[in-house]
Amino acid sequence: MRKRRGLRRGVVEIEPVLAGSRRGVDVERVLVLEDDNDLRTLLCELLVASGAAACVSAGSVEAMVRQKEQVLGCELALLDVNLGAQAASGLDAYHWLRENGFGGRIVFLTGHARSHPLVRQAHALTQAQVLSKPIDAKVLMALVGKGDGSRGT
């Protein structure tokens, strides 16, 4: 269940979204770093509905860093490549995660063309996957879904 917090427009907070574990399914904690509040909420809700036990939601790298313990406990991180003008990028988040011992899987989400400099850098990282937005719900669900071996494209 998602617990609603009183967020003012422009104020970024992390909202852990918790759900009970699903019988017979190994669940994961997921980090969603996305600057669009509605998309971030939708992604977390879909991931939890798909089998993740919890979703740590952050709208900026700074908000992610404030929740270091929760973030580093995740097994999967979905990082928006471009978090807005003058803001730290998903690539900055990637490097912070790796420097702080994050051993989970990292997937970048982007709405930009492959020729965008940040997207090219994300594609160059061999330990990360890049998916284009809008992301197909089945691909997203497969990131946390178990049993079919599917892990997106």
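See the structure above.
Everything numeric here is computed off the predicted structure, so don't read it as measured data.

What counts and how
Along every chain, residues carry numbers that run from 1 in the direction the sequence is written. Totals for whole chains, interfaces and linings use all residues, but because this is a predicted model, local features are given only for residues with pLDDT of at least 70 and pairs of side-chain atoms are given and counted only at 80 or more. Excluded from the side-chain calculations are hydrogens and water; all other atoms, namely the structure's heavy atoms, are used. We count a salt bridge whenever a side-chain nitrogen from Lys or Arg sits within 4 Å of a carboxyl oxygen from Asp or Glu. Runs of E in the DSSP output that reach at least two residues are strands. Runs of H or I that reach at least four are helices, and both are numbered from the N terminus. The buried label goes to any residue with under 20% of its type's maximum accessible area, the exposed label to any with over 50%, and the partly exposed label to all in between, with areas taken from a 1.4 Å probe on protein chains only. Definition of a polar contact: a pair of N or O atoms within 3.5 Å, with one able to donate and the other able to accept a hydrogen when the atoms are protein atoms, and with sequence-neighbouring residues admitted only if both atoms are side-chain atoms. Only heavy atoms enter the contact rule, under which two residues are in contact if any of them lie within 4.5 Å. Strand pairing is assigned whenever DSSP identifies at least 2 bridges connecting the two strands. Look down the strands so they point away from you; if the path from the first strand over the helix to the second goes clockwise, the crossover is right-handed.

A. Representation of the pattern of salt bridges. Taken as a whole, this structure holds two salt bridges when the rule is applied. Among the ionic pairs, lysine 133 bridges to glutamate 34, the shortest N-O distance being 3.0 Å. Of the two residues, lysine 133 is situated in the loop between β6 (128-132) and α6 (137-144) and glutamate 34 in the loop between β2 (29-33) and α1 (37-49); the sequence distance between them amounts to 99 residues. Using a relative accessible area of 2% as the deciding quantity, one classes glutamate 34 as buried. Note that lysine 133 and aspartate 80 form a salt bridge whose closest N and O atoms lie 3.2 Å from each other. Within this pair, whereas lysine 133 is found in the loop between β6 and α6, its partner aspartate 80 is found in strand β4 (residues 76-80), the two being separated by 53 residues in sequence. Of the residues examined, aspartate 80 reaches a relative accessible area of 3% and is grouped as buried. Salt bridges here are not isolated pairs; linked through shared partners, they connect Glu34, Asp80 and Lys133.

B. Looking closely at the side chain of glutamate 34. At 3.0 Å, the side chain of glutamate 34 forms a polar contact with the side chain of lysine 133. If we ignore the near neighbours within four places in the chain, the residues touching glutamate 34 are Leu39, Arg40, Ala58, Gly59, Asp80, Leu83 and Lys133.

C. Structural context of the environment of glycine 104. Following the sequence through the fold, glycine 104 ends up in the loop between α4 (90-99) and β5 (105-110). Overall, glycine 104 belongs to the buried group, its relative accessible area being 14%. Counting along the chain gives 29 residues from glycine 104 to glutamate 75, while the straight-line C-alpha distance between them is 4.3 Å. Leave out the neighbours within four places in its chain, and glycine 104 touches Glu75 and Arg98.

D. The pairing of strand β3 (residues 54-58), seen in detail. Burial within β3 is extensive, with five of its five residues counted as buried. The side-chain alternation of β3 yields two buried faces, one formed by Ala54, Val56 and Ala58 and the other by Cys55 and Ser57. Relative to β3, β2 runs parallel, the two sharing five bridges. Residue pairing for β3: valine 30 is matched across the bridge by cysteine 55. This β-α-β element, β2 to α1 to β3, shows right-handed connectivity.

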